[in-house]
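Architecture and fold: a report
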Amino acid sequence: MSAPLLSVRGLDKKFGGLAAVQKVDMDLRPGVLTALVGPNGAGKTTLFNLITGNIEADSGEVLLDGASIRGRSPHHIARMGVARSFQDLRLFGRMTVRENVLAAIEHTAWLWQPGGRSARRAREAAVDQALERTGLTAQAGARAMDLAYAERKFLSVARILATGSRIWLLDEPASGLDVNSRARFVSLVRQAAAEGVTICLIEHNLDIVTELADRIAFLDRGAKLAEGEPQEILRDPELIGIYFGERRT
Ligand SMILES: Nc1ncnc2c1ncn2[C@@H]1O[C@H](COP(=O)(O)OP(=O)(O)OP(=O)(O)O)[C@@H](O)[C@H]1O
């Protein structure tokens, strides 16, 4: 098995008295697609927030290529190749589709950007490619707020694609997609994984998990209860019971 690209070790986060993430260990290995599965409130998004520096852990470590990134800013971690999407997408509604993608790869908010014309051309090419792969080329000039729901979801993926990041953390990227969009999404993610992107996906739809995931990490009430191959995890009656709300005491 190849060495992990990103590891979390003993991560803990409390909100007041609530243990949102408890002593979680997880490894993301190159090219492996891991699904984070668990009931509502299990701590999945909080785990992403801890990895990406959006919130600070109470204790534990996040290692990228074996070196600690705990305490770094979200911006810094993104620059190190860890890209993420949010459930609420966080698009710039009044900007065009193209501008939204470009903004994801411009390192400053200035009109002037480092690298001169050749860097500008490379960014434009990355935007074109991301729009094409997400099926948004024809909408490049539309405002993000005018897009259909599925198109907005694909735009959030285009923003990640264009960055060329080697790790993608996707928070419910397929929720609410119609059947056709879902199939397009699955093939887009598969292609990225085949190209070597390391993906961790929070997903409630177990069909999508089965189609995409190489591994499943199962969280409940902040703790990782199990991790393994999808067929192993999804056949475990206790885990499935927890997932569908048959609470243990
Ligand atoms: N900023 C916060 N302040 C207080 N409590 C929070 C905060 N963020 C999350 N929580 C709580 O921490 C727990 C874990 O939340 P989290 O959003 O990580 O779960 P989740 O597994 O992503 O859930 P879902 O599947 O519903 O998105 C929940 O009980 C949630 O209410």
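Remember, it's a predicted structure, so these values are computed and weren't measured experimentally. Counting of residues starts from 1 at the beginning of each chain's written sequence and follows it residue by residue. Confidence filtering applies because this is a predicted model: local features only for residues at pLDDT of at least 70, side-chain atom pairs given and counted only at 80 or more, and all residues used for totals across whole chains, interfaces and linings. Note that water and hydrogens are dropped before the side-chain values are worked out from all heavy atoms of the structure.

**Some points on the pairing of strand E9 (residues 215-220)**
Three exposure classes are used, based on accessible area relative to the maximum for each residue type with a 1.4 Å probe and protein chains only: buried under 20%, partly exposed in between, and exposed over 50%. Starting at the N terminus, helices and strands are each numbered in turn, a helix being any DSSP run of H or I of at least four residues and a strand any DSSP run of E of at least two. Counting buried positions over the six residues of E9 gives five, a clear majority of the element. Both strand E3 (residues 33-37) and E9 contribute to a ladder of four bridges, which runs parallel. The residue bridging Ala35 from the neighbouring strand is Ile216, located in E9. Where E9 and strand E10 (residues 223-228) come together, five bridges link them in antiparallel fashion. Being paired, for any two strands, means DSSP has found at least two bridges between them.

**Thoughts on the sheet that holds E10**
Note on sheets: strands pair through backbone hydrogen bonds, and any given pair is parallel or antiparallel. Here six strands make up an open sheet; going across it, the order is E6-E7-E8-E3-E9-E10 and the pairing mixed. Whereas interior strands pair on both sides, the edge strands pair on one side only; in this sheet they are strand E6 (82-84) and E10. Mean inter-strand twist for the sheet, computed between neighbouring axes without regard to direction, equals 15 degrees. Here a residue-residue contact requires only that any non-hydrogen atoms of the pair lie within 4.5 Å. Each axis is a line fitted through C-alpha atoms, taken for helices only over the stretch in contact, and angles between the N-to-C directions span 0 to 180 degrees. Against the sheet, helix H6 (residues 179-194) contacts E3, strand E7 (167-171) and strand E8 (198-202), and its axis sits at roughly 145 degrees relative to E8.

**Brief notes about the domain arrangement of the protein chain**
Domain assignment breaks the protein chain into domain 1 (1-81 + 165-179 + 190-249) and domain 2 (90-164). Boundaries between domains were set according to an automatic or database domain assignment. The centre of domain 1, based on its C-alpha atoms, is set 26 Å off from the matching centre of domain 2. A 1.4 Å probe defines the accessible area here, and the buried area is the portion of it lost by two parts on being joined, summed over both. Contact between domain 1 and domain 2 buries roughly 1000 Å² in total, counting both sides, with carbon and sulfur atoms accounting for 55%. For the domain 1 face of the interface with domain 2, the top three residues by lost area are Ser165, Trp168 and Leu177, together amounting to 44%.

**Regarding helix H1 (residues 44-51)**
With seven of eight residues buried, H1 is to be regarded as a mostly interior element. The first or second residue beyond H1 is Gly53, which carries a positive phi of 80 degrees.

**Examining unusual backbone geometry**
Positive phi, close to 70 degrees, is recorded for Leu89, a residue that is not glycine. The topology assignment puts Leu89 in the loop between E6 and helix H3 (97-105). Although it is not a glycine, Arg221 sits at a positive phi angle of roughly 45 degrees. By the element assignment, Arg221 lies in the loop between E9 and E10.

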